[in-house]
Amino acid sequence: GAVVSQHPSWVICKSGTSVKIECRSLDFQATTMFWYRQFPKQSLMLMATSNEGSKATYEQGVEKDKFLINHASLTLSTLTVTSAHPEDSSFYICSAPLTSGMVGEQYFGPGTRLTVT
Amino acid sequence: QKEVEQNSGPLSVPEGAIASLNCTYSDRGSQSFFWYRQYSGKSPELIMSIYSNGDKEDGRFTAQLNKASQYVSLLIRDSQPSDSATYLCAVHNAGNMLTFGGGTRLMVKP
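Let me begin by describing the structure that accompanies this report. (Residues numbered from 1 in each chain as written. Chains lettered and ligands numbered in written order. Predicted model: local features only at pLDDT ≥ 70, side-chain atom pairs only at ≥ 80, totals over all residues. Heavy atoms only, no water.)

**Overview of the sheet that holds strand E8 (residues 71-76) of chain B**
All names here are of chain B.
Okay, so step 1: Ordered in space as E1-E3-E8-E7-E6, the five strands form an open sheet in which the pairing is antiparallel. Two strands lie at the open edges of the sheet, namely strand E1 (4-5) and strand E6 (54-58), each paired on one side alone.
Okay, so step 2: Inspection of the sheet shows strand E3 (residues 19-25) paired to E8 by six bridges, in the antiparallel sense. Opposite serine 20, over in E8, you have leucine 75 as the bridge partner. (Pairing = 2+ DSSP bridges. Helix = DSSP H or I, 4+ residues; strand = E, 2+ residues; numbered from the N terminus.)

Here is the structure:
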């Protein structure tokens, strides 16, 4: 199966600092990647769709200036949480479909647990 | 009304029993349907996909789809404690977006 990696797997940062999370498709090219956030015992929430070579599409209510997404290549998308606050503490997960036409069959990265102190 | 609805559970079944997980969706134009499994503290993994009405079997898992009733289900036969997880129903709608339900937590007791 397709493999998606994320780095780091967990990170602790101080309030006001920025954190960058990387998402890589290891054995396939991903023109589209998705970023999700999941709070404890809550549902998966789509934050944004990352498109290689173009701007990301953000879901309603997600601040694009706070959550910067860059899809630098066909195998790498990054999410930067700027000026992090404790309420940004969450589990951030990226995913990618094996083929752009099969959005439903997504392969998820292992997730990044962010704690903002 | 949520686009994809699931009973949050927990659904508790004894080991060896059949677990039945249900999902309803609102967009009649949806064409493809998926079940993801998420263990606690981990990310989701795709376990089943179904595209046409009827049943689709894969090992101990059977996905069932009824587009007229806008209903998808997942049956897990011979449930094992290792099946204990949250199961997410996902629907690929006409807007080319994948929408997840809130998930049903399944507990299989030995």
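**Description of the nonpolar core**
Okay, so step 1: Formed by 25 residues in total, the largest nonpolar core has its most connected members in A:Trp35, A:Phe67, A:Leu79, A:Tyr92 and A:Leu114.
Okay, so step 2: Looking at this core, the elements that each hand over two or more residues are strand E2 (10-13), strand E3 (19-25), strand E4 (32-38), strand E5 (45-51), strand E7 (67-73), strand E8 (76-81), strand E9 (90-97) and strand E11 (112-116) of chain A.
Okay, so step 3: Not counting residues up to four positions away in its chain, the partners in contact with A:Leu114 are A:Val11, A:Cys13, A:Val19, A:Val81, A:Asp88, A:Ser89, A:Ser90 and A:Tyr92.
Okay, so step 4: Grouped together as the second largest cluster of nonpolar side chains are 23 residues, B:Leu21, B:Ala63, B:Ile76 and B:Tyr87 included. (Core = buried A, V, L, I, M, F, W, Y, C linked by side-chain atoms within 4.5 Å. Buried < 20%, exposed > 50% of the residue type's maximum accessible area, 1.4 Å probe, protein only. Contact = heavy atoms within 4.5 Å.)

**Regarding the state of the cysteines**
Okay, so step 1: Taken as a whole and judged by the stated rule, the model has two disulfides over all chains.
Okay, so step 2: In this model A:Cys23 forms its disulfide with A:Cys94; the gap between the sulfur atoms is 2.0 Å. Where A:Cys23 bonds to A:Cys94 through sulfur, the torsion about that S-S bond is close to 85°, and the disulfide is right-handed. Pair noted here: A:Cys23 is in strand E3 and A:Cys94 is in strand E9, with a separation of 71 residues, a long-range link. One exposure class covers both A:Cys23 and A:Cys94, and it is buried.
Okay, so step 3: A disulfide bridge connects B:Cys23 with B:Cys89, and the sulfur atoms are separated by 2.1 Å. (Disulfide = S-S within 2.5 Å.)

**Describing the packing of aromatic side chains**
Okay, so step 1: For the coordinates displayed, the defined rule picks out eight aromatic pairs over all chains.
Okay, so step 2: Joined through ring pairs, the aromatic side chains of A:Tyr36, A:Phe108, B:Tyr36 and B:Phe100 make up one cluster.
Okay, so step 3: Sitting over the face of the ring of A:Phe67, A:Lys66 holds its NZ or CZ atom 5.9 Å from the ring centroid.
Okay, so step 4: Taking the ring centre of A:Phe91 as reference, the NZ or CZ of A:Arg113 above it sits at 4.3 Å. (Phe/Tyr/Trp six-rings, centres within 6.5 Å; stacked < 30°, edge-to-face > 60°. Lys NZ or Arg CZ within 6 Å of the ring centre and 35° of its normal.)

**What about the sheet that holds E8(A)?**
Residues and elements named next belong to chain A.
Okay, so step 1: Strand order across the open sheet formed by four strands is E1-E3-E8-E7, with antiparallel pairing between neighbours. The strands lining the two open edges of the sheet, one partner per strand, are strand E1 (4-7) and E7. When strand polarity is set aside, the average angle formed by the axes of neighbouring strands in this sheet is 15°.
Okay, so step 2: As defined by bridge partners, E7 adjoins E8 across five bridges and the pair is classed as antiparallel. Among the inter-strand pairings, phenylalanine 67 is bridged to a residue of E8, identified as valine 81. (Axes fitted to C-alpha atoms, helices over the stretch in contact; angles between N-to-C directions.)

**A short note on the pairing of E5(A)**
Residues and elements named next belong to chain A.
Okay, so step 1: Most of E5 sits out of view: six of its seven residues are buried.
Okay, so step 2: Inspection of the sheet shows E4 paired to E5 by six bridges, in the antiparallel sense. The residue of E5 that forms the bridge with threonine 32 is asparagine 51.
Okay, so step 3: Between E4 and E5, which pair antiparallel in sequence order, lie six residues; one of them, lysine 41, sits at a positive phi of approximately 60°.
Okay, so step 4: Where E5 lies against strand E6 (residues 57-58), two bridges are found, and the strand directions are antiparallel. Bridge pairing links alanine 48 to tyrosine 58 in E6.

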